[in-house]
Amino acid sequence: MSAVQTLKLDARQRAMLDEMGVKVWWPMPEAVEATPVVAEAQAVTAEPPPADAREPYVAETPVAPVASPAHALAARPAAAQPPVARPAAAAPLAHGAAVLVETPRRLYADAGTGPAQGGWLVVADMPPEADGRHGEPFAGDAGKLLDNMLRALKLHDGKTPVHLMRTHRGVAAGQPGSPRPMAEAFEEHAAALAPSMVLAMGPLAAQSLMQSADPLGKLRGRAVPLHSVNGVPVVATYHPAYLLRNPADKARAWADLCLAADQQTPSN
């Protein structure tokens, strides 16, 4: 038996020991043993049961949209719609009143006293400046490149007439000397100049003259007769401003110029 169980003193004995200066420590088995039990019970109570810990997560899961097939289909309306094909262009992209041309201007007029008719008619995409007017044909880097291209063909000596017709998109003002729609003005100018070769520089000029919506890359590299101007051939090529941004295409542009020059060579 333990000391706690054998040592049993009454009140008088405890008082006598206290008078003798003997201190007796009285264990409290019930209190000591109850404390860990209470603490352990509190710890167990503080721990949330595993089932309760999973319940909020399950409650927050959006189950309703997944369980409903109609809702899932409504969330993807684009997948249910078939792709819509774009209709092919039935008319030329650049033909009509929106494409304007200016009165042709002769280039290298001071270099010689050649004939006014025949030669080359260069139709180039050249929109006007902010004030509505055009600058000099050979101004700027694009103008200098155009000059170099024509000089490479020996067209700067004035013996062969070269006329420049600028084209751009806009609204015809109806004023004398103002740009006119290409549909009604080109044939009139071409009849007066009687060119033997038409060079279209840029997509707007090429698509308008060739009556095609194909990109310039598909229109260049071949000579197409203009039936409205007595079958005069037209050759499309890149615009000088485009060549400045894409110098790798200068070789293709030079091939186009050589093709156009070959149309000028008289047959033996």
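From a predicted model like this one, the values you see are computed outputs, not experimental measurements.

With that out of the way, let us pick up the overall build of the protein chain. If you tally the helices and strands in the protein chain, you get 13 helices and 8 strands. In the protein chain, which comprises 268 residues, the share counted as buried stands at 29%. A total accessible area of about 17400 Å² is found for the protein chain, and carbon and sulfur atoms account for 59% of it.

Here the structure, examined in full by the defined rule, presents 5 salt bridges. Here Arg 220 makes a salt bridge to Asp 256, at a shortest N to O gap of 2.9 Å. Of this pair, Arg 220 sits in the loop between helix H11 (216-219) and strand S7 (223-226) while Asp 256 sits in helix H13 (residues 250-264), placing them 36 residues apart in sequence. Taking the relative accessible area as the measure of exposure, Arg 220 reaches 17% and is therefore buried. For Asp 256, a relative accessible area of 1% gives the class buried. The partner of Arg 252 in a salt bridge is Asp 249, with the nearest N and O atoms 2.4 Å apart. Given a relative accessible area of 10%, Asp 249 falls into the buried group. Among the charged side chains, a salt-bridge network with shared partners connects Arg 180, Glu 184 and Glu 188.

Attention shifts here to helix H10 (residues 203-210). Along H10, 7 of the 8 residues are buried, which leaves the element largely enclosed by surrounding structure. By the burial criterion, the buried members of H10 are Leu 204, Ala 205, Ala 206, Gln 207, Ser 208, Leu 209 and Met 210. Just downstream of H10, Gln 211 is the residue with a positive phi angle, here 55°.

Even without being glycine, Tyr 108 reaches a positive phi, approximately 55°. Residue position: Tyr 108 is located in the loop between strand S2 (105-107) and strand S3 (120-125). Tyr 108 gets classed as buried once you look at its relative accessible area, which sits at 14%. Its identity is not glycine, yet Gln 211 carries a phi of approximately 55°, on the positive side. The topology assignment puts Gln 211 in the loop between H10 and H11. Residue class for Gln 211 comes out partly exposed when judged on its relative accessible area of 42%.

We now examine the nonpolar core. Within the largest apolar cluster, 47 residues are counted, with the highest numbers of intra-cluster contacts made by Trp 120, Val 123, Phe 186, Val 198 and Leu 209. Those residues within four positions of Leu 209 in sequence are excluded, and the remaining contacts are Val 123, Met 182, Phe 186, Val 198, Ala 200, Leu 226 and Val 234.

This part takes up the pairing of S3. The buried count for S3 comes to 6 of 6 residues, which makes it a mostly enclosed element. Every second residue of S3 is oriented toward a common face, with Trp 120, Val 122 and Ala 124 on one face and Leu 121, Val 123 and Asp 125 on the other, all of them buried. Where S3 lies against strand S4 (residues 162-169), 6 bridges are found, and the strand directions are parallel. Note that in S4 the partner of Val 122 across the bridge is Leu 164. For S3 and strand S6 (residues 197-201), the ladder comprises 5 bridges, and the chain directions are parallel. Across the sheet, residue Val 123 finds its bridge partner in S6, namely Ala 200.

Where S7 meets strand S8 (residues 232-237), 4 bridges bridge the pair, whose relative direction is antiparallel. When the bridges of S8 are listed, Pro 225 appears paired with Pro 233. Between S7 and S8, which follow one another and run antiparallel, lie 5 residues, and Asn 230 among them has a positive phi close to 60°.

What follows is about H13. With 15 residues, H13 extends 21 Å from end C-alpha to end C-alpha; this agrees with the ideal 21 Å at 1.5 Å per step. Three or more residues of H13 are buried, namely Ala 253, Asp 256, Leu 257 and Ala 260. Each buried residue of H13 lies within a common arc of 100° when the element is viewed along its axis, so the set occupies one face. Exposed positions of H13 whose direction lies more than 90 degrees from the buried face are Ala 251 and Asp 262. Those residues of H13 hidden inside the fold are in contact with S3, helix H8 (140-152), S6, S8 and helix H12 (240-245).

Rules of the game
- Residues numbered from 1 in each chain as written.
- Predicted model: local features only at pLDDT ≥ 70, side-chain atom pairs only at ≥ 80, totals over all residues.
- Heavy atoms only, no water.
- Helix = DSSP H or I, 4+ residues; strand = E, 2+ residues; numbered from the N terminus.
- Buried < 20%, exposed > 50% of the residue type's maximum accessible area, 1.4 Å probe, protein only.
- Areas by Shrake-Rupley, 256 points an atom, 1.4 Å probe, with all protein chains shown as cover.
- Salt bridge = Lys/Arg side-chain N within 4 Å of Asp/Glu carboxyl O.
- Core = buried A, V, L, I, M, F, W, Y, C linked by side-chain atoms within 4.5 Å.
- Contact = heavy atoms within 4.5 Å.
- Pairing = 2+ DSSP bridges.
- Expected span 1.5 Å × (residues − 1).
- Arc of directions from axis to C-beta.

These figures come from the coordinates and say nothing about function on their own.
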